[in-house]
Each structure stands twice: as structure tokens, then as C-alpha cells.
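So the chains spell out like this:
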Amino acid sequence: MSKTAFSPADILLPQDCGLTKWAVVACDQYTSQPEYWERVDKFVGDAPSTLRLILPESKLESDNVDQEIKKINETMEQYLAEERLKPIENTIIYLERKQDNGKTRYGLIGKLDLEQYSYEKGSGTPIRATEGTVLSRIPPRMKVRENAPIELPHIMVLIDDPDKKIIEPLREKNAKKQMQMIYSATLMEKGGRVSGYLLSKEQIAKIDDQLAALADPARFAQFYHAEGKPVLTFAMGDGNHSLATAKACWEKLKPTLSEAERESHPARYALVELVNLHDESLEFEPIHRVLFGVDPKKLLADFLAAYPGAHYGEGEGHQITYVLPGETGVITVPNPTAQLEVGTLQSFLDKYLEENGGKIDYIHGADVVKQLASQPDSIGFLLPGMGKDQLFPTVIFDGALPRKTFSMGEAHDKRFYLEARKIK
């Protein structure tokens, strides 16, 4: 039994196929750039690929989404039947992901216990959301997961290990000698390169002890000056709604199971990549906003009216940069009540869209915002980044951040689907 919510898993790995075509980027990327997914589809062709096992979120609202999901489930069953996916039991994979920018990310692939997770704001579970969860985004994602025999993770979960004692030592030569390399492949579309290694039993046991030490209540209280606060060990980095969907599916299934079944049912867990918050490759990037189907001038006027003293131009307070065709400007909101600029902007946008209609998308990269905001009836907003060291204390003391506050790196640096796990 593991001492924390993170533990070894029975992991499925692809067999007899080219991994460059097999592995595709997280489904929640490029939602406003369908040409990306069209390009990937053309590149993959008829080859075995996780592209046939996931639903890009750009298709979530399409007219034939139910047929798409049915086809995905059938392909999952097909890959299992033809033994395209080979199980490696009770293991943790050490992962090295060399990114397009030359930096390397180090991670551990294992499973998280959903019984120790909550996405509710202000929860005290060991695994917590770091930003607001949009409940309306869960049901359509449940449709994808509910009847799926396997899961493919794009979830990245963070630990706060500033001394780099847990994951980083695994990259040393002496540590590598105890491991077995199981894959190494170039990833498509500027995804860099990924290599995976099976940890030894001794290495797995040591990581379990180290994570337990990280979760020690006395150490936690002293480190964060958080006496009396519930221990936070695992904080969501990427894939918050994916983990929330797994939790919702588990809660729906749980009443149909016996006590014994609840203890070991595979749907109780979710496969994730565990990464150190202080990994040098992790750069907290702001997530910008683009709105479509709106009157930009009315929106800006309403934004000014929503906050007393708000004005065009730079000043004291929260400075929000907006982007229109051929125009970039700033609105300043003095004496903001939100901690971060994203909180000030998002609370207004939520209300505006509810009252006026329109669509919002969350974008990585200022250049993409400027490109999308050049369309008619569109407007973009550029937001500043957030410091890494603010993350755990903010979640511990204030609860979850506003949704889509930060992203870790560019879209092509996100997790690629490669490993899988049975959930039925």
C-alpha cells in the first residue's frame, strides 16, 4: 500500500507501431485552430494512433459528437482486442521530455486516488484544483469517459519540492542503471522528444517514502506557516477538467459497487504525470482570452462601467491589455478586490457573456491572440504571468485561483498521449 495518494499503476504501452504517429498532444489544445487537428489527422493517416482514442475539444460541440465518441470507444476495444496495448503491472514510469526549446522536463507516471481529491473551492483534500473548475464543462467530457474501457492522461500534477530531492536525482547515471528504458521517440508538431524508463522496486519504495515526508503535517505546517491547515501534497498543473471528469465518473459509479469493489476498482484512480513545481523547464505562462461574436466597443464600455474609477491608460491597480484589429490598449482598474488581474477580468467576462452572449476561448501565446482578435466581432485580452512560488500558498490560504490563470509552457509542450490504463 502506498503512503500517499500517488501509487504505481498497471500501465498500457503501445506495441508494434511508430510512436511519432501514435502520440498526439492533449485534447484541450488548439481549440480555435482546427487546422492543427486537420494537419495531425493527415499526418497520422491509417496508422495506429491515440488521435483515434481521444476527442479534440474543438469537436465537443459538433453535431456528430455522439458518433465520434462511439467510434473512439470502438477503437479502444479494437486496440485492446488486437493486443496493440501491452500491460506493465504495478509500475511507475520515469519520464524525460526534451522540449522544442531545448529544456528537459522530468516526471513520474503513476495513478492518483480520486478518493483523496476534490475540485471544490476551499477543499482540504491532499489533491486539489489550483484554479476554478467550470462545472458545465464536466458533463460533455463524462460522455467521452463513461463508456471508455481505457483512459489516456494529459493530466500533470505538481509537487512542491524546492530542494529537488524526489524526481531530479533519477536523471543521474547511477539511478538510470537501475531502470529499464521502455520507449524513446520524437514527437510530432514541435513536441520535442520523450523517453520513458521503468523504475526499480527500490526506487518506487524510496519515492513513496519521500512523498510521505512531503505530506507530513508537521513539516507542512512549518514550511508554509500553515498551522491547522489541511495538508496539500498534490496540486493540479494541467488537465484540471480531465481529473474533475474522472472524479465525477467515479462518484457516479461508486454507489453501484460493493465496499470491497470500491477499494480496488480501476475507475477509482486516474493516471497522471507527477512533476516538481521547481522543474527548470516549467515556466508559468499567462493564459490569454479571446472573445468571439461580441461588440468590442460595447464590451470595453461595459468593462469601464463595471469598476468604479476604471479608465483607459496605465495607472495604479490592475492593468488589463486589450487587442483589437490594428489597436492595442490598456484599461486600469484601481483598488481591485481580486488578487490577480485575471480575477478582475474573468469575473466581468463571465457576467458579460451571460447577459450578452458570445463565446470565449483561452489562448496560449500573445501572437495567436492578435491573430484571432483580428477577426470581425472579436476582442483579445493579454494577461501577465504568475510566479511559481505563489501557487501552493495561494491554494492553501485562498482556495483555487480563477480558472485558466496560468499555463505551464507553450501548447506544443503539453503532455502527449502515449501511455494508457484500463478503467473497466
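Residues numbered from 1 in each chain as written. Predicted model: local features only at pLDDT ≥ 70, side-chain atom pairs only at ≥ 80, totals over all residues. Heavy atoms only, no water.

Novice: Explain the overall build of the chain to me, please; I cannot follow it from the model alone.
Specialist: Check the secondary structure of the chain and you find 13 helices and 24 strands. Relative to its length of 424 residues, the chain is compact, with a C-alpha radius of gyration of 22 Å against a globular reference of 22 Å. Its C-alpha atoms give the chain principal-axis dimensions of about 60 × 55 × 45 Å. The long-range share in the chain, meaning contacts at least 24 apart out of those at least 6 apart in sequence, stands at 77%. Side chains of the chain carry 52 positive and 63 negative charges; the gap between the two charge centres is 3 Å. (Helix = DSSP H or I, 4+ residues; strand = E, 2+ residues; numbered from the N terminus. Rg over C-alpha atoms; globule rule 2.2 N^0.38 Å. Contact = heavy atoms within 4.5 Å. Lys, Arg positive; Asp, Glu negative; His and termini not counted. Charge placed at Lys NZ, Arg CZ, Asp CG, Glu CD.)

Novice: Would you mind going over the environment of Lys-414 with me for this structure?
Specialist: Tracing the sequence through the fold places Lys-414 in the loop between β22 (406-408) and β23 (416-417). A residue is classified by how much of its surface remains accessible, and Lys-414, at 3% relative accessible area, is buried. Taking the C-alpha atoms as reference points, Lys-414 and Gly-192, separated by 222 residues in sequence, lie 10 Å from one another. Not counting residues up to four positions away in its chain, the partners in contact with Lys-414 are Val-25, Ala-26, Gln-29, Arg-97, Asp-238, His-364, Ser-407, Met-408 and Gly-409. Of the polar contacts made by the side chain of Lys-414, one reaches the side chain of Asp-238; its length is 3.1 Å. (Buried < 20%, exposed > 50% of the residue type's maximum accessible area, 1.4 Å probe, protein only. Polar contact = N/O pair within 3.5 Å; in protein donor to acceptor, adjacent residues only side chain to side chain.)

Novice: Explanation requested: the side chain of Lys-404 in the structure shown.
Specialist: Within the secondary structure, Lys-404 is located in the loop between α13 (391-398) and β22. Buried charge without a partner: Lys-404 forms no salt bridge, and the closest opposite charge is Asp-28, 4.6 Å away. In this view, Lys-404 contacts Glu-131, Arg-137, Ile-287, Arg-289, Val-342 and Tyr-362; residues no more than four positions away in its chain are not counted. (Salt bridge = Lys/Arg side-chain N within 4 Å of Asp/Glu carboxyl O.)

Novice: Just to check I follow, could you spell out the sheet that holds strand β16 (residues 288-292) for this structure?
Specialist: Note on sheets: strands pair through backbone hydrogen bonds, and any given pair is parallel or antiparallel. In space, the 6 strands of this open sheet follow the order β17-β19-β18-β21-β16-β20, with antiparallel pairing throughout. Edge positions in the sheet fall to β17 (311-312) and β20 (359-363), since each has one partner strand and no second. Inspection of the sheet shows β16 paired to strand β21 (residues 378-382) by 4 bridges, in the antiparallel sense. If you follow Val-290 over to β21, its bridge partner there is Gly-380. Contacts from helix α10 (residues 296-306) reach β16, β17, β18 (318-324), β19 (327-333) and β21, with the element oriented near 45° to β21. (Pairing = 2+ DSSP bridges. Axes fitted to C-alpha atoms, helices over the stretch in contact; angles between N-to-C directions.)

Novice: Please explain the pairing of strand β11 (residues 180-186) as it appears in this structure.
Specialist: Looking along a regular strand, one sees the side chains alternate between the two faces of the sheet. When β11 meets strand β12 (residues 193-198), the two strands line up antiparallel, connected through 6 bridges. Residue pairing in the sheet places Met-181 in a bridge with Tyr-197 of β12. Adjacent in sequence and paired antiparallel, β11 and β12 are bridged by 6 residues, among which Glu-189 carries a positive phi angle near 55°.

Novice: Can you walk me through helix α4 (residues 138-146) in this structure?
Specialist: Structural remark: α-helix, 3.6 residues per turn; residues separated by three or four positions point the same way. Taken as a whole, α4 has its buried residues at Ile-138, Arg-141, Met-142, Val-144 and Arg-145. Buried residues of α4, seen end-on, are gathered within an arc of 160° and therefore sit on one face of the element. Against the buried residues of α4 lie α3 (65-81), β9 (150-151), α8 (240-253) and β14 (269-276). (Arc of directions from axis to C-beta.)

Novice: Explain the state of the cysteines here, please?
Specialist: Each disulfide consists of a covalent bond between the sulfur atoms of two cysteine residues. Applying the stated criterion across every chain, the model contains 0 disulfides. Here Cys-17 stays unpaired: no disulfide links it, and the sulfur of Cys-27, its closest cysteine neighbor, is 20 Å away. Counting only cysteine sulfurs, Cys-27 is the nearest neighbor of Cys-249, a cysteine outside any disulfide, at a range of 13 Å. According to the relative accessible area criterion, Cys-249 is buried, its value standing at 13%. (Disulfide = S-S within 2.5 Å.)

Novice: Explanation requested: unusual backbone geometry in the structure shown.
Specialist: Only a minority of non-glycine residues have a phi that is not negative, and only a minority of peptide bonds are not trans. Located in the positive-phi region is Tyr-30, a residue other than glycine, with phi close to 55°. Among the secondary structure elements, Tyr-30 is positioned in the loop between β3 (24-25) and α2 (34-44). Although it is not a glycine, Asp-377 adopts a positive phi angle of roughly 55°. Mapped onto the elements, Asp-377 comes out in the loop between α12 (366-372) and β21. The class for Asp-377 is partly exposed, based on a relative accessible area of 48%.

Novice: How should I be thinking about the pattern of salt bridges in this particular structure?
Specialist: Oppositely charged side chains are able to pair whenever their charged atoms sit close together. Under the definition given, this model contains 27 salt bridges. Where Glu-151 meets Arg-421, a salt bridge forms, and the shortest distance between an N and an O atom there is 2.9 Å. You can see Glu-151 sitting in strand β9 and its partner Arg-421 sitting in strand β24 (residues 421-422), a full 270 residues away along the chain.

Novice: What is the right way to read helix α6 (residues 201-214) from this model?
Specialist: Taking 1.5 Å per residue as the helical rise, α6 with its 14 residues ought to reach 20 Å, and the 20 Å between its terminal C-alpha atoms agrees with that figure. Every buried residue belonging to α6 is among Gln-203, Ile-204, Ile-207, Asp-208, Gln-210, Leu-211 and Leu-214, and all of these are buried. Looking straight down α6, one finds its buried side chains confined to an arc of 170°; they lie on one side. Within α6, the exposed residues directed more than 90 degrees away from the buried face are Lys-201, Glu-202 and Lys-206. (Expected span 1.5 Å × (residues − 1).)

Novice: So what exactly am I meant to see when it comes to the nonpolar core here?
Specialist: The tendency in soluble globular proteins is for nonpolar side chains to be buried as a group. Of all hydrophobic cores here, the largest spans 48 residues; its most connected members are Trp-22, Ile-150 and Tyr-183. Tallying contributions element by element places α3 first for this core, with 5 residues. Excluding residues that lie within four positions of it along the chain, Trp-22 makes contacts with Pro-14, Cys-17, Pro-48, Ser-49, Thr-50, Leu-51, Leu-53, Tyr-79, Arg-84, Leu-85, Tyr-417 and Leu-418. Membership of the second largest hydrophobic core comes to 47 residues, among which are Leu-304, Ile-331, Leu-391 and Phe-406. (Core = buried A, V, L, I, M, F, W, Y, C linked by side-chain atoms within 4.5 Å.)

Novice: Would you explain the packing of aromatic side chains in this entry?
Specialist: Pairs of aromatic rings are described using the distance from one ring centre to the other and the angle between the two planes. Scanning the entire structure with this criterion turns up 15 aromatic pairs. Summarising the aromatic geometry, the rings of Tyr-94 and Tyr-197 are spaced 5.9 Å apart at their centres and angled 35° between planes, so their arrangement reads as tilted. Residue Tyr-94 is located in strand β5 (residues 93-98), and its partner Tyr-197 is located in strand β12; the two are separated by 103 residues in the primary sequence. Considered together, Tyr-94 and Tyr-197 belong to a single accessibility category, that of buried residues. Judged by centre distance (5.7 Å) and plane angle (80°), the ring pair of Phe-303 and Tyr-307 falls under edge-to-face. We classify Phe-303 as buried; its relative accessible area is 1%. Linked through ring pairs, Phe-303, Tyr-307, Phe-348, Tyr-352 and Phe-381 together constitute an aromatic cluster. Cation over ring: Lys-21 sits above Phe-43, and NZ or CZ is 5.4 Å from the ring centre. We note Arg-219 situated over the ring of Phe-223; from NZ or CZ to the ring centre the distance is 4.5 Å. (Phe/Tyr/Trp six-rings, centres within 6.5 Å; stacked < 30°, edge-to-face > 60°. Lys NZ or Arg CZ within 6 Å of the ring centre and 35° of its normal.)

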